Amino acid sequence: MNTATDRLANVMNDIRAAETEHSRPSGSVTLIAVSKTFDAEAIRPALVAGHRVFGENRVQEAMSKWPGLREEFDGVELHLIGPLQSNKAKEAVQTFDVIHTVDRPKIGKALRTEMDKQGRDLPCFIQVNTGEEPQKAGIAPKDVDAFIKDCKENIGLSIVGLMCIPPVDEAPGEHFALLEKIASRNGLSQISMGMSSDYQTAVGFGATHVRVGSAIFGSRDYT
């Protein structure tokens, strides 16, 4: 599997196999191809192959490469999966179709204000810091229920699900199970979890969206 097209097909096959293994309906898991740090030419083969759901971490990076690709390819759905600052809310609402990283009231209010101005109502996920890591964004598990209620009832966001990034040095399964439990008790049907190293495991714990980058596009050069 040497090309992005081949690796994309391999990941999709893995997801469908995991759906079958865990008695999930075929097609119930959406693959978000994480294209952060890759330029338009690296992304284009996945688009040519028919994939349309992509994830980016940075608003400015997404704005620099996706307008042209969207002119070339119809039906692209772009997910913001990285941290968002309130001063980038305007651009985020202009650029993305789904927001995965709502993690504090200030961000929620900034997004709602911009959605109202732009006449858009983007579905949003709340990021949960399941490992309660101080260096990582996200709401602590004990605070999620109240935050979901605040986002829905007071801020007016369309909260559709939860997202997490487990600690790198811990088994992901316990974090996936925790996220599914929180989502279930709050009546949220969508769960964004699982990356290149553990997306098949995430499917078994109820993920509806998996965020896979390097397994499709190859290793990243951050220099």
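Residues numbered from 1 in each chain as written. Predicted model: local features only at pLDDT ≥ 70, side-chain atom pairs only at ≥ 80, totals over all residues. Heavy atoms only, no water.

A. Expanded view of the overall build of the protein chain. When helices and strands are tallied, the protein chain shows nine helices and eight strands. Its C-alpha radius of gyration of 17 Å places the protein chain within 12% of the 17 Å reference for a compact globule of 223 residues. Its C-alpha atoms give the protein chain principal-axis dimensions of roughly 45 × 40 × 35 Å. Nonlocal contacts in the protein chain, meaning residues at least 24 apart in sequence, comprise 57% of its contacts between residues at least 6 apart. Carbon and sulfur atoms make up 47% of the accessible area of the protein chain, which amounts to about 10200 Å² in all. (Helix = DSSP H or I, 4+ residues; strand = E, 2+ residues; numbered from the N terminus. Rg over C-alpha atoms; globule rule 2.2 N^0.38 Å. Contact = heavy atoms within 4.5 Å. Areas by Shrake-Rupley, 256 points an atom, 1.4 Å probe, with all protein chains shown as cover.)

B. Just unusual backbone geometry, in detail. Backbone geometry at Ser 23 places phi at a positive 55°, although glycine is not the residue there. Among the secondary structure elements, Ser 23 is positioned in the loop between α1 (4-21) and β1 (30-34). Even without being a glycine, Thr 37 presents a positive backbone phi close to 70°. For Thr 37, a relative accessible area of 35% puts it in the partly exposed group. (Buried < 20%, exposed > 50% of the residue type's maximum accessible area, 1.4 Å probe, protein only.)

C. Fine view of the layout of surface pockets. In this structure, the largest pocket encloses a volume near 360 Å³. In terms of lining, the largest pocket is formed by 18 residues, of which the most central are Lys 36, Asn 57, Ile 81, Ile 165 and Met 195. By residue class, the composition of the lining of the largest pocket is seven nonpolar, seven polar and four charged. Lining the second largest pocket we find 12 residues, and of these Asn 57, Arg 58, Val 59, Glu 61 and Pro 83 sit closest to its centre. The residue makeup of the lining of the second largest pocket, split by class, is four nonpolar, four polar and four charged. (1 Å grid on protein atoms, 1.4 Å probe; cavity = no way out; pocket = protein on both sides within 12 Å on 5 of 7 lines; lining within 4 Å. Points joined across faces, edges and corners; volume = space filled by probe spheres on them. Nonpolar A, V, L, I, M, F, W, Y, C, P; charged D, E, K, R; others polar.)

D. Examining the side chain of Asp 198 more closely. Mapped onto the fold, Asp 198 is located in the loop between β7 (190-192) and α8 (199-204). One buried charged side chain, Asp 198, makes no salt bridge at all; its nearest oppositely charged neighbour is Arg 211, positioned 7.3 Å away. Within the structure, the side chain of Asp 198 is placed 2.7 Å from the backbone nitrogen of Met 195, a separation counted as a polar contact. Residue contacts for Asp 198: discarding those within four places in its chain leaves Pro 172 and Phe 176. (Lys, Arg positive; Asp, Glu negative; His and termini not counted. Salt bridge = Lys/Arg side-chain N within 4 Å of Asp/Glu carboxyl O. Polar contact = N/O pair within 3.5 Å; in protein donor to acceptor, adjacent residues only side chain to side chain.)

E. Focus on helix α6 (residues 141-155). Its 15 residues place the ends of α6 20 Å apart at the C-alpha level, agreeing with the 21 Å of an ideal helix rising 1.5 Å per residue. In the segment just after α6, Gly 156 is the residue with positive phi, at about 85°. (Expected span 1.5 Å × (residues − 1).)

F. Molecular detail of the packing of helix α2 (residues 40-48) against helix α3 (residues 59-72). Contact pair α2 / α3: the axes reach a minimum separation of 11 Å and the direction vectors enclose 30°. The chirality of how α2 crosses α3 is right-handed. For the pair α2 and α3, contact is made by Ala 40, Ile 43, Arg 44 and Leu 47 and by Lys 65, Trp 66, Leu 69 and Glu 72, respectively. Within the contact of α2 with α3, the residues separate by chemical class into five nonpolar, no polar and three charged. (Axes fitted to C-alpha atoms, helices over the stretch in contact; angles between N-to-C directions. Left-handed = near helix turned anticlockwise from the far one by under 90°.)

G. Structural context of the environment of Ile 159. Looking at the element boundaries, Ile 159 is found in strand β6 (residues 158-164). The buried category is assigned to Ile 159, whose relative accessible area is 8%. Residue contacts for Ile 159: discarding those within four places in its chain leaves Cys 124, Ile 126, Cys 151, Lys 152 and Leu 188.

H. Here's a closer look at helix α7 (residues 172-185). Between its first and last C-alpha atoms α7 spans 20 Å; for 14 residues at 1.5 Å apiece the expected length is 20 Å, and the two agree. Buried within α7 we find Gly 173, His 175, Phe 176, Leu 179, Ile 182 and Ala 183. The inward-facing, buried residues of α7 contact β5 (123-128), α6, β6, β7 and α8.

I. Broad picture of the pairing of β5. Burial analysis of β5 places five of its six residues in the buried class, which makes it a mostly covered element. Here strand β4 (residues 98-102) pairs with β5 via two bridges, running parallel. Paired with Val 102 across the strands is Ile 126, a residue of β5. Regarding topology, helix α5 (residues 105-118) serves as the crossover connection from β4 to the parallel β5, and that connection is right-handed. Sheet topology note: the β5/β6 ladder contains six bridges and is parallel. Each residue of the ladder has a partner; that of Phe 125, found in β6, is Gly 161. (Pairing = 2+ DSSP bridges. Right-handed = clockwise from strand over helix to strand, strands pointing away.)

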